Amino acid sequence: MSDSPPQQPSHSPRNRPGSGQGPGQGQGQGHGPERTQGSPGAPGPAAPESTTLLLTGARLTDGRTVDVRLGGGRIQAVGTAGSLPAAAGARVDLTGYLLLPAPAEPHSHGDTALTADSEGPVSYSPDEVQRRATEAALLQLGHGATAVRSHVRIGDVHGLGPLEAVLQARRSLRGLTDLTAVAVPRLLTGVAGADGLAMLRDAVKMGASVIGGCPDLDPDPTGFLEAVLELASEHGCPVDLHTDGDDPARLSRLAAMAGGLRPGVSIGPCGGLSRLPLDVATRASDQLAAAGVRVTCLPQGDCAALERRGLRTAPVRLLRAAGVRVAAGSGALRDAGNPVGRGDPLEAAYLLASQGGLRATEAYHSVAGAAREAMGLPEVRVEAGFPAELLAVRGDRIASVLSLAYSRIVIHRGRVVARTSAVREYCDSAVAVALDLPRQGRMEPGP
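Everything in this summary refers to the structure shown in the same document. (Residues numbered from 1 in each chain as written. Predicted model: local features only at pLDDT ≥ 70, side-chain atom pairs only at ≥ 80, totals over all residues. Heavy atoms only, no water.)

## A closer look at the pairing of strand S8 (residues 178–185)
The buried count for S8 comes to eight of eight residues, which makes it a mostly enclosed element. Covered by surrounding structure in S8 are Asp178, Thr180, Val182 and Val184 together with Leu179, Ala181, Ala183 and Pro185, the residues of both alternating faces. Of the pairings in the sheet, the one linking strand S7 (residues 147–154) to S8 comprises eight bridges and is parallel in character. From the neighbouring strand, His151 faces S8, where its bridge partner is Val182. Read as a crossover between parallel neighbours, the route from S7 over helix H2 (residues 161–172) to S8 is right-handed. Bridge count between S8 and strand S9 (residues 210–213): two bridges; the pairing is parallel. From the neighbouring strand, Ala183 faces S9, where its bridge partner is Ile211. (Buried < 20%, exposed > 50% of the residue type's maximum accessible area, 1.4 Å probe, protein only. Helix = DSSP H or I, 4+ residues; strand = E, 2+ residues; numbered from the N terminus. Pairing = 2+ DSSP bridges. Right-handed = clockwise from strand over helix to strand, strands pointing away.)

Written as structure tokens, this is what we have:
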């Protein structure tokens, strides 16, 4: 199987993230990710959206092989292979690749990422947090996630410093990936919670576009929920809360309080639901579905925000059967919650397919379409008119992609922003030739 690398776009200056770019429109008030112009090509700064990019020979999930023209940050046309005229813009040969809507990462922790191997106390200086958040977002982008929601702790001795650093990372990443911040206070009730509530209000004013927190850790979980939902309603922000989901009465109260809130409420990772009796978990799932509460599960393991280690992921099939909209996130990225976390959406989908009982297409939807919906992002299809947020993975169908997803090309706002090329070779032998073993790449023959 030939696996020559895709043709590089012909005009794509490279630069470091944020080089020469100033801060952009904030993401406060729940209005979604800031809008940045982008151009096709290899990773680099944003350029005029008038430039087009032609993707040739891409395979779709329905088996068709097509050409796709991108421009203005959107998909302009999809036609049979060879049917779209070659324009003056860049071109990428996707022969041997499956073209998919790009994943999104609905649950990450950029402020604590990449700290598992730290010697001594973890530094929360603004420069260190910004570096970690930036590196984490780029690692996730390389895996295919063109939008990332980062939960950031506020309060305690660090105040709003970590949030300010993550927001600065967001500005530096403009044109490469969309990074949004969730403000996560520790306490919101009682005397100690008064400072947390004031800081949460400041966080929203600073640019945190989502309100979060861990009601399980507050002495008054119901009061915590009331405070969060009231502030979210006041500012029109979505809500994204950490909860283990092991208390059915608490879930019932949350469903009753959150019903009808716009732009919506998400909770996760809800691994505790799997430890409840089936009838109790089913009733709780029905209540969440009726209230329109989404669940973000973490198939790769819990995150450190709950300060506990759950042994099981959320009962995804049960939740889906009840009508709950379920997305999947990666959670911890090499921090105290998971020292070997990869931050790879395709790994989350792989685990849902291999252990969660979902079909491969359903598993991928949980990290792509469902994740984007949970984050308030527009739907993506490989059809004309939809946003050009795409992931090309070497393979011919989703199951094979989840099994062996090494080579990837990531497209954000109509341009190539990340590329991973893997090469697999076998030694010369009659057995390898006879079996035509699958390869991720092929070297040029030697002299």
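Next comes the rest of the write-up.
## Side note on the pattern of salt bridges
Across all of its chains, the model carries 17 salt bridges by this definition. We note a salt bridge from Asp178 to Arg413, for which the minimum N-O separation is 2.5 Å. Highlighted residues: Asp178 in strand S8 and Arg413 in the loop between strand S15 (408–412) and strand S16 (415–420), separated in sequence by 235 residues. Residue classification places Arg413 among the buried residues on the basis of a relative accessible area of 9%. Here Glu379 ties to Arg381 by a salt bridge, and the two come within 2.9 Å at their closest N and O atoms. A single network of salt bridges, built from pairs that share partners, joins Glu128, Arg131 and Glu135. (Salt bridge = Lys/Arg side-chain N within 4 Å of Asp/Glu carboxyl O.)

## Regarding unusual backbone geometry
Cis rather than trans, the peptide bond between Arg262 and Pro263 has omega equal to 15°. Here the amide bond leading from Gly268 into Pro269 is cis, since omega sits at 5°, within 30 degrees of zero. Mapping Pro269 onto the fold places it in strand S11 (residues 265–269). Positive phi values are uncommon outside glycine, yet Cys270 reaches one of about 60°. By the element assignment, Cys270 lies in the loop between S11 and helix H6 (278–291). Backbone geometry at Arg413 places phi at a positive 50°, although glycine is not the residue there.

## A word on the layout of surface pockets
Approximately 490 Å³ is the volume attributed to the second largest pocket. Considering the residues around the second largest pocket, the lining is formed by 22 residues, among which Thr61, Pro101, His365, Val380 and Arg381 are closest to the centre. Breaking the lining of the second largest pocket down by element, the ones donating at least two residues are strand S5 (97–101), helix H9 (360–367) and helix H10 (369–374). Among the residues forming the lining of the second largest pocket, the class breakdown is 11 nonpolar, four polar and seven charged. (1 Å grid on protein atoms, 1.4 Å probe; cavity = no way out; pocket = protein on both sides within 12 Å on 5 of 7 lines; lining within 4 Å. Points joined across faces, edges and corners; volume = space filled by probe spheres on them. Nonpolar A, V, L, I, M, F, W, Y, C, P; charged D, E, K, R; others polar.)

Note that all results are geometric; they support no functional claim without further evidence.
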